[in-house]
Each structure stands twice: as structure tokens, then as C-alpha cells.
Amino acid sequence: MGLASLEPFVGASPYVVAAAVAVPVTGKIIITALALRGTDPKDRPAIIKAVAELFRSRR
């Protein structure tokens, strides 16, 4: 994460910064929960791994 990407947050209130961090995390949790709904317990580790790969940032 470069300094240029942090510029919008420098003057922002703590609530804006908290929302910018919380929204993506909450989205990942919701998508994971939806993917796991109604699945066989033995399939859950593979599904969690697939969802994690989906959200892993590309560098």
C-alpha cells in the first residue's frame, strides 16, 4: 500500500477510516457464510480456501 493510496484517509475522521476497513471485511464474512450454508462439513475447508483465494490481492 503506497502513500498515494493513503492520502484520502489522512484528513478523514476515524469513523470514515473504520468504515473503509470494516466494509470489505464484513463483505468477505457474508460471502463466506453464504458459500458455507447447507454444505457438508467435510467440504467446508475447501470452500473456505476457495473464498480466500477469491479475495487474495494480486501483487
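Refer to the preceding data block for the structure.
Heads up: these notes are all about the structure in this document. Computed from a predicted structure; not experimentally measured.

Here we take up the overall build of the protein chain. Regarding its fold elements, the protein chain presents three helices and zero strands. Burial analysis of the protein chain (59 residues in total) assigns 7% to the buried set.

Another aspect to go through is the side chain of threonine 39. As for its position among the elements, threonine 39 is in the loop between helix 2 (14–36) and helix 3 (44–55). One polar contact links threonine 39 to arginine 44, side chain to side chain, over a distance of 3.3 Å. Non-local contacts of threonine 39, meaning those with residues more than four positions away in its chain, are made with Arg44 and Ile47.

Quick look at the pattern of salt bridges now. On inspection of all chains with the given rule, the structure shows one salt bridge. Salt-bridge contacts for arginine 56 lead to glutamate 53; the nearest nitrogen and oxygen are separated by 3.0 Å. What makes arginine 56 partly exposed here is its relative accessible area of 49%.

So, about the packing of helix 2 against helix 3. Helix 3 packs onto helix 2 with a crossing angle of 145 degrees between their chain directions and a minimal axis gap of 10 Å. Here helix 2 runs over helix 3; the crossing is right-handed. Between helix 2 and helix 3, the contacting residues are Lys28, Ile31, Thr32, Ala35 and Leu36 on the first element and Arg44, Ile47, Ile48, Val51 and Phe55 on the second. Grouping the constituent residues of the contact of helix 2 with helix 3 by class yields seven nonpolar, one polar and two charged.

So, how was this worked out
- Residues numbered from 1 in each chain as written.
- Predicted model: local features only at pLDDT ≥ 70, side-chain atom pairs only at ≥ 80, totals over all residues.
- Heavy atoms only, no water.
- Helix = DSSP H or I, 4+ residues; strand = E, 2+ residues; numbered from the N terminus.
- Buried < 20%, exposed > 50% of the residue type's maximum accessible area, 1.4 Å probe, protein only.
- Polar contact = N/O pair within 3.5 Å; in protein donor to acceptor, adjacent residues only side chain to side chain.
- Contact = heavy atoms within 4.5 Å.
- Salt bridge = Lys/Arg side-chain N within 4 Å of Asp/Glu carboxyl O.
- Axes fitted to C-alpha atoms, helices over the stretch in contact; angles between N-to-C directions.
- Left-handed = near helix turned anticlockwise from the far one by under 90°.
- Nonpolar A, V, L, I, M, F, W, Y, C, P; charged D, E, K, R; others polar.

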